[in-house]
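Architecture and fold: a report
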Amino acid sequence: MKIRKVTDNKKAYIDLLLLADEQENMIDRYLERGEMFVLDDHGVKAECVVTKEADGVYELKNIAVMPDYQRKGYGKRLIGFLFSYYTDCNRMLVGTGGVPSVLRFYKECGFEESHRIENFFTDNYDHPMFEDGTQLVDMVYLKWER
């Protein structure tokens, strides 16, 4: 298993990125300014995009695992890699919908709830978004601190 940084042609991974963020123009807001990492285990299994928001503060903008490989530890492995890769990181943020299974995943990775942005999904996406049968409305931010 290898995790590698992708520095060019990030759009080649758009299908995987769209699993975690369904609207391409929203991905375009952070893709080029972010750093992309791909987890390869006999083929790409997961990817993520991270942006630097301030000194010591990073945001995990997108993390996705191929559907057939979800719940096998690839997402946790990728997040663990990020914590060690960004040695200057004092705080890592991640925004997601208020879906219990997703919130549980991030909490298992060491994140805790920070704040919410009300109506983020309904105000910024051109269609209703659902995950695990739940409509996404508010953006729930979680934080990890060193």
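Throughout, residues of each chain are indexed from 1 in the direction in which the sequence is written. In keeping with the predicted nature of the model, local features appear solely for residues at pLDDT of at least 70, side-chain atom pairs appear and are counted solely at 80 or more, and the whole-chain, interface and lining totals rest on all residues. Hydrogen atoms and water are omitted, and side-chain values are computed over all heavy atoms in the structure.

**Focus on the nonpolar core**
If you look at soluble globular proteins, the nonpolar side chains tend to sit buried side by side. For the record, the criterion: Only buried residues count toward a nonpolar core, which is a set of Ala, Val, Leu, Ile, Met, Phe, Trp, Tyr and Cys residues joined through side-chain atoms within 4.5 Å. For each residue, the accessible area found with a 1.4 Å probe, counting protein chains only, is set against the maximum for its type, and the residue is called buried under 20%, exposed over 50%, and partly exposed in between. In DSSP terms, a helix is any run of H or I states spanning at least four residues, a strand is any run of E spanning at least two, and both are numbered starting from the N terminus. The contact definition used throughout considers only heavy atoms, calling two residues in contact when any of these lie within 4.5 Å.
Leu-60, Met-92, Tyr-106 and Phe-111 are the most contacted members of the largest nonpolar core, which has 37 residues in total. Of all the elements in the fold, those that place two or more residues in this core are strand E2 (35-40), strand E3 (44-54), strand E4 (57-65), helix H3 (74-85), strand E5 (91-96), helix H4 (100-108), helix H5 (120-124) and strand E9 (139-145). Not counting residues within four places of it along the chain, the set of residues in contact with Leu-60 comprises Cys-48, Val-49, Val-50, Ile-79, Leu-82, Met-92, Leu-93, Val-94, Gly-95 and Tyr-106. Val-6, Tyr-13, Ile-14 and Leu-17 belong to the second largest nonpolar core, which has 10 residues in total.

**Examining H4**
The condition that has to hold: Throughout, the arc means that of the directions going from the helix axis to the C-beta atoms.
Val-102, Leu-103 and Tyr-106 are the residues of H4 that are buried. Down the axis of H4, the smallest arc covering the buried residues is 100°, so these residues share one side. Where H4 is buried, its residues touch E4, H3, E5, strand E6 (112-117), strand E7 (130-131) and E9. With its phi angle positive at about 100°, Gly-110 sits one or two positions after the end of H4.

**A closer look at the packing of aromatic side chains**
As a reminder, the rule being used: Stacked, tilted and edge-to-face are the three classes applied to pairs of Phe, Tyr and Trp rings, where Trp contributes its six-membered ring and a pair requires centres within 6.5 Å; stacked means planes under 30 degrees apart, edge-to-face means over 60, and tilted covers the rest. Working rule: Lys NZ or Arg CZ, within 6 Å of ring centre, within 35 degrees of ring normal, means a charge sits over the ring.
Enumeration according to the criterion identifies 14 aromatic pairs in this entry. Ring centres of Phe-37 and Tyr-85 lie 4.9 Å apart, and the angle between their planes is 70°; on these two criteria the pair is classed as edge-to-face. Placement of Phe-37 in strand E2 and of Tyr-85 in helix H3 is noted, with a sequence separation of 48 residues between them. A relative accessible area of 1% places Phe-37 in the buried class. Joined through ring pairs, the aromatic side chains of Phe-37, Tyr-58, Phe-81, Tyr-85 and Tyr-86 make up one cluster. Positioned above the aromatic ring of Tyr-69, the side-chain terminus of Lys-45 is 4.5 Å from the ring centre.

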